[in-house]
Amino acid sequence: MSKDRELVLVSLLQEATRIANEVDNIGDAGLPVIRAVCSATGWNAGHLCLPDERDRRIFVSTDIWFEDVPGSFDGLRAASQGFRFTYGGGIVGMAARTGRPVWSADVSTDATFIRSRVPGATTGVGAAIALPITGRGVVSAVLEFFTREPGDPDPRLMEIMSDVGMQLGRVTDRMAATQALRFGTERMERILDSCIEAFVAMDEGGMITGWNIAAERVFGLSREEAVGRRLADTIVPPRHREAHHLGVGRFLTTGERHVLDNRIEIDAWHADGYEFPVELAVWAVQDAMQGWSFNAFVHDITNRKRAEEALRAAYEREREAVSRLRELDVVKSDFVATVSHEFRTPLTNVIGHLEVLTSGDAGELNPAQARMLNVIGRNSDRLRALIEDLLTISRIEAGVFDLDLGVTDLTDVLVAAHAAVEPRARRRDHRLELRIAPHLGAVEADPEQLERALVNLLVNGINFTPDGGLIEMTASLDDDHVVIKVRDTGVGIDPAEQGQLFTRFYRGTFAVREAVQGAGLGLAITKTIVEGHGGEIAVQSVLGAGTTFTIRIPRERPLWL
């Protein structure tokens with residue numbers, strides 16, 4: 001090859017490089033490069049083929065053509081118009097598949113030049129070369145060049161042509177990078193627009209550069225209205241603007257950050273001229289070319305704040321109500337204790353005089369008088385028991401109900417409780433049975449209060465058992481505990497009510513309906529007495545089949561009580 005021709009080919013490569021540096025897409029580079037190649041090599045025509053948009057494995061002939069003599073390749077241009085080259089089909093498809101230039105020495109006799117099948121396509125056409133343009137390993141275009149005379153492959157020209165294709169490949173690389181950047185930007189914008197939180201971005205000069213759909217809704221400004229405005233004057237309340245400027249300036253000069261990378265609650269400014277509460281998360285990103293950018297997700301928490309305020313107000317009202325109820329409960333307890341105490345003194349006098357009358361010390365009574373005094377005596381005893389229960393509840397609530405514990409013969413307590421209720425059981429024709437296991441022994445207990453608890457359970461069984469039923473009390477040992485059971489064959493307790501049995505003043509449905517005597521205090525007092533001994537009480541009951549109360553107390557009172 002002559003030195004002059006080598007210089008020409010090198011100049012061609014330089015020109016191709018210049019063109020590749022100046023254009024942004026292969027379509028714009030096609031015609032200048034084709035013209036430069038034809039001028040440098042003496043080839044007579046050339047044109048550009050691009051991938052089909054729907055299937056990039058198919059290349060389509062474009063209308064980008066150059067002819068040194070216009071009209072001299074009309075037959076070929078007509079045959080090429082809209083022609084679709086499949087992957088590997090024709091010299092264009094072969095160049096696309098292999099990524100290397102393909103030379104056809106004589107298109108009229110070359111079977112791979114498939115347009116030769118079109119009449120008149122090869123008239124006036126000699127040799128042809130298909131030059132692939134490759135970017136990132138993918139063929140993005142194919143250039144074709146033609147001569148009027150056949151010619152054998154020229155290795156040096158093929159080499160230069162390959163270098164030209166590589167230079168033009170830089171154009172496609174930039175196109176791909178630009179498209180990827182555009183796609184990434186569009187994708188990010190779609191993601192941000194789909195967010196339920198407002199997204200706002202600001203450059204280091206304080207200008208708004210990002211604004212999604214949620215931001216339009218939250219701040220009352222469209223994207224067109226917001227982008228390009230000063231952020232401080234747009235969404236920062238006037239009273240916070242100076243602090244905002246100082247904070248941004250301090251970060252840019254010293255790197256000090258108070259708000260960045262934290263989620264905080266702060267007030268924002270609406271386009272309609274009012275403040276509203278938001279939750280803010282801000283982060284900063286530095287770009288070598290554009291400097292710092294500040295990005296934030298903003299969540300309007302107005303409704304949350306209103307809900308919190310409503311909850312806070314409701315809590316305050318609830319606390320005031322509870323405080324008032326406690327005051328009323330104390331007043332009620334004091335009233336019950338006072339009234340009960342005041343009742344006790346005159347009632348004691350009444351009972352004392354009754355005892356004098358019934359003993360005959362005040363004179364002999366006739367049968368009618370004796371019966372009336374017995375009725376008065378029984379009701380006085382009921383009233384005295386009620387007053388004692390009320391006073392006990394008052395002491396329990398005041399925290400001054402103490403047990404007088406000592407070594408106690410449990411059998412004596414059980415026998416005394418049985419004897420105390422025996423007359424009442426006899427009046428109802430009940431069978432009242434007591435079964436005590438041998439060698440029951442002594443326990444550490446308050447005998448008076450423990451007897452009281454057992455009497456409460458026995459009376460409860462008598463009151464809720466139809467006449468002629470069975471009330472049974474048993475006691476046995478279980479290791480270091482004593483187990484006492486009081487069983488009756490009465491009406492039973494509704495499962496829905498069993499959880500409230502030991503609540504003070506609670507009276508079950510049956511007691512209310514049948515007007516059973518009692519104030520609903522006995523079981524509450526019994527539970528307190530049992531637990532004061534370090535024990536526990538449980539109930540098992542079936543409607544219509546009776547009830548069993550089980551007391552389990554330790555023989556020695558635990559040290560922690």
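Caption draft 1: Representation of the packing of helix 12 (residues 410-427) against helix 13 (residues 447-463) in the model. Orientation of helix 12 relative to helix 13, taken along the N-to-C sense of each, is 35 degrees, at an axis distance of 9 Å. Judged by the sense of rotation from one axis to the other, the crossing of helix 12 with helix 13 is right-handed. Together, Leu 410, Val 413, Leu 414, Ala 416, Ala 417, His 418, Ala 420, Val 421, Arg 424 and Ala 425 of helix 12 and Pro 447, Leu 450, Glu 451, Leu 454, Val 455, Leu 458, Val 459, Ile 462 and Asn 463 of helix 13 make up the contact between the two elements.

Caption draft 2: Main features of the sheet that holds strand 16 (residues 481-488). Read across the open sheet, the 5 strands follow the order 13-15-16-18-17; overall the sheet is mixed. Edge positions in the sheet fall to strand 13 (431-436) and strand 17 (536-542), since each has one partner strand and no second. In this sheet, neighbouring strand axes are inclined to one another by 15 degrees on average, regardless of whether the strands run parallel or antiparallel. Inspection of the sheet shows strand 16 paired to strand 18 (residues 546-554) by 8 bridges, in the antiparallel sense. When the bridges of strand 18 are listed, Val 482 appears paired with Ile 553.

Caption draft 3: Quick look at the sheet that holds strand 3 (residues 84-85). In space, the 6 strands of this open sheet follow the order 3-2-1-6-5-4, with antiparallel pairing throughout. Of all strands in the sheet, those bounded by a partner on one side alone are strand 3 and strand 4 (102-104). For strand 2 (residues 59-67) and strand 3, the ladder comprises 2 bridges, and the chain directions are antiparallel. Across the sheet, the residue bridging to Val 60 is Arg 84, located in strand 3. The sheet strands contacting helix 4 (residues 90-98) are strand 1 (45-51), strand 2, strand 3, strand 4, strand 5 (128-135) and strand 6 (138-146), and the helix crosses strand 6 at an angle near 145 degrees.

So, how was this worked out
- Residues numbered from 1 in each chain as written.
- Predicted model: local features only at pLDDT ≥ 70, side-chain atom pairs only at ≥ 80, totals over all residues.
- Heavy atoms only, no water.
- Axes fitted to C-alpha atoms, helices over the stretch in contact; angles between N-to-C directions.
- Helix = DSSP H or I, 4+ residues; strand = E, 2+ residues; numbered from the N terminus.
- Left-handed = near helix turned anticlockwise from the far one by under 90°.
- Contact = heavy atoms within 4.5 Å.
- Pairing = 2+ DSSP bridges.

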